[in-house]
Amino acid sequence: MPPPVSGFTLVRNAIRLDFPVVASIRSILPLCDELVVNVGHSDDETLDLIRAIDDPRIRIIESEWVFGQGHQVLAEETQRALDACRHPWGVYIQADEVLADGGVEVLRAQIDRHDDDPRVEGLVVRYRHFYGTPDYLGMARPWYRREVRVVRRPPVVDMRSHADAQGFRVGPERRKVNSKLTDAWMHHYGWARPDPALVEKYKATPAIYGGGPVDLDSIVLPWQPRIQHYQGAHPEVVRDWVDARRADRKTRIGPMQWQWRFLKDYASGAAEYFLGYQPFAFRNYRLI
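First, a word on scope: everything that follows refers to the structure included in this document.

It is worth spelling out the overall build of the chain at this point. In terms of regular secondary structure, the chain is built from seven helices and 15 strands. With 288 residues in all, the chain has 55% of them scored as buried. Excluding contacts between residues fewer than 6 apart, the proportion of contacts in the chain whose partners are at least 24 apart in sequence is 76%. Of the accessible surface of the chain, which amounts to about 13800 Å², a share of 53% is contributed by carbon and sulfur atoms.

Given below as structure tokens:
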């Protein structure tokens, strides 16, 4: 019998910040026996939005996020969702991520394959980061190519959300997660949202990371090397959201502004092309 799986995510002000969170949840729901959604107290109807999905596998926990501690609040609230899960494996998704078509089958097969191997603590998925609009990818070095999105849960593994909740580490020593790479793809739409949502994102940033108030009417995203036109398909569950954002092309990428540090990006891209991986890239995991 296949091991049961818990999904978990967190979200706050999903409508104001225009997160595709309904698509996020629906993209992993077929993999899950339960799905925990940590809904932070919001200034919009986020709670009603999640309730409207109306699936018996979804379990909502309401929380009051404590700001003023930097990105640690995101790690703590992710941990709250992880700790509320009941099953030995957990699949994590952020509110601006969507698992690509076919990913459920890939992850299900890998969980079943490695369930009896205690060395495998996590599964790594591959990433596409959309930048400016859903038609362009950010390919520069700062965009992480892979990340852990399936983990073994306590008490089998003392799994802990790490830093700004991008990934996970193990135990109080924060050891990297022993993981297997999969062929599942995650689409990240956080920087492909239209201009009003990105304005709201920047306005919310001081509450999380500190700093003074932000007064903006529009956003011009900085140009970066290796922006690439995306010609593939978007996951079926997010296509309506994508099509609506394509119709609103207010999000802009600024003009090219060359900096010598970009040479590292081009060198890294060349190495990745010839070697098949990005050398010296930051990783929260160790492939075994």
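A few words now on a nonpolar patch on the surface. Together, M256, W258 and L263 make up an exposed nonpolar region whose accessible area comes to about 310 Å². With respect to the helices and strands, the residue W258 is situated in the loop between β14 (252-253) and α7 (262-275).

For the rest of this paragraph, the subject is the pairing of strand β9 (residues 159-162). Where β9 lies against strand β10 (residues 167-170), four bridges are found, and the strand directions are antiparallel. Across the sheet, the residue bridging to R160 is R169, located in β10. In sequence, β9 turns back onto β10 through a hairpin of four residues, with A163 there showing a positive phi of about 55°.

Attention now moves to the pairing of strand β11 (residues 177-191). Judged from the three bridges that link them, strand β5 (residues 97-99) and β11 form a sheet pairing that is antiparallel. Residue pairing in the sheet places L99 in a bridge with M186 of β11. Sheet topology places strand β6 (residues 122-131) next to β11; eight bridges connect them, and they run parallel. Paired with V124 across the strands is L181, a residue of β11. For β11 and strand β15 (residues 285-287), the ladder comprises three bridges, and the chain directions are parallel. Of the residues in β15, the one forming a bridge with S179 is L287.

Right, let's talk about the pattern of salt bridges for a bit. Oppositely charged side chains are able to pair whenever their charged atoms sit close together. Within this structure, the stated rule accounts for 19 salt bridges. The partner of E200 in a salt bridge is R16, and the shortest N-O contact between them spans 3.0 Å. With E200 in helix α5 (residues 195-209) and R16 in the loop between β1 (5-11) and α1 (21-28), the pair connects residues that are 184 residues apart, well separated along the chain. Assessed through its relative accessible area of 21%, E200 is described here as partly exposed.

In this section: the packing of aromatic side chains. The geometry of an aromatic ring pair is captured by the separation of the ring centres together with the interplanar angle, meaning the angle of the planes. Inspection of every chain in the model, using the stated rule, returns nine aromatic pairs. Between the aromatic rings of F8 and F168, the centroid separation amounts to 6.1 Å while the plane-to-plane angle is 70°, which identifies the pairing as edge-to-face. Taken together, the positions of F8 in strand β1 and F168 in strand β10 put the pair 160 residues apart, joining distant regions of the chain. Judged on exposure class, the residue F8 and its partner F168 are both buried. Taken together, F130, Y189, Y230 and W241 form an aromatic cluster joined through their ring pairs. Above the face of the W185 ring, R128 is positioned so that its terminal group lies 4.0 Å from the ring centre.

Given the relative accessible area of 0%, F8 is considered buried. In the structure, F8 is positioned 24 residues away from C32 in sequence and 9.4 Å away in space, judged by C-alpha atoms. Residues contacting F8, with those up to four places away along its chain left out, are V36, T78, A81, L82, C85, G90, V91, Y92, I93, V151 and F168.

About the thresholds
Here the residue numbers are simple positions, counted from 1 along each chain's written sequence. Given that this is a predicted model, residues contribute local features only at a pLDDT of at least 70 and side-chain atom pairs are listed and counted only at 80 or more, while totals for whole chains, interfaces and linings are drawn from all residues. Hydrogens are left out, water is left out, and the side-chain values use all remaining heavy atoms of the structure. Numbering of helices and strands runs from the N terminus; a helix is a DSSP stretch of H or I covering at least four residues, while a strand is a stretch of E covering at least two. To sort residues, take the accessible area from a 1.4 Å probe on protein chains only and compare it with the maximum for the residue type: under 20% means buried, over 50% means exposed, and anything in between is partly exposed. The contact rule is simple, with two residues in contact once any of their heavy atoms fall within 4.5 Å. Using a 1.4 Å probe, accessible areas were evaluated by the Shrake-Rupley method; residue-level cover was limited to the displayed protein chains. Exposure above 30% relative accessible area and the absence of a salt bridge qualify a residue for a patch, where like charges join within 9 Å and nonpolar side chains (Val, Leu, Ile, Met, Phe, Trp, Tyr) within 5 Å. A pair is scored as a salt bridge if a Lys or Arg side-chain nitrogen falls within 4 Å of a carboxyl oxygen belonging to Asp or Glu. For two strands to be treated as a pair, DSSP must find at least two bridges joining them. Here a Phe, Tyr or Trp ring, Trp counted by its six-membered ring, pairs with any other such ring whose centre lies within 6.5 Å, and the pair is stacked when the planes are under 30 degrees apart, edge-to-face when over 60, and tilted otherwise. In this analysis the charged atom, NZ for Lys or CZ for Arg, is taken to sit over a ring once it is within 6 Å of the ring centre and within 35 degrees of the ring normal.

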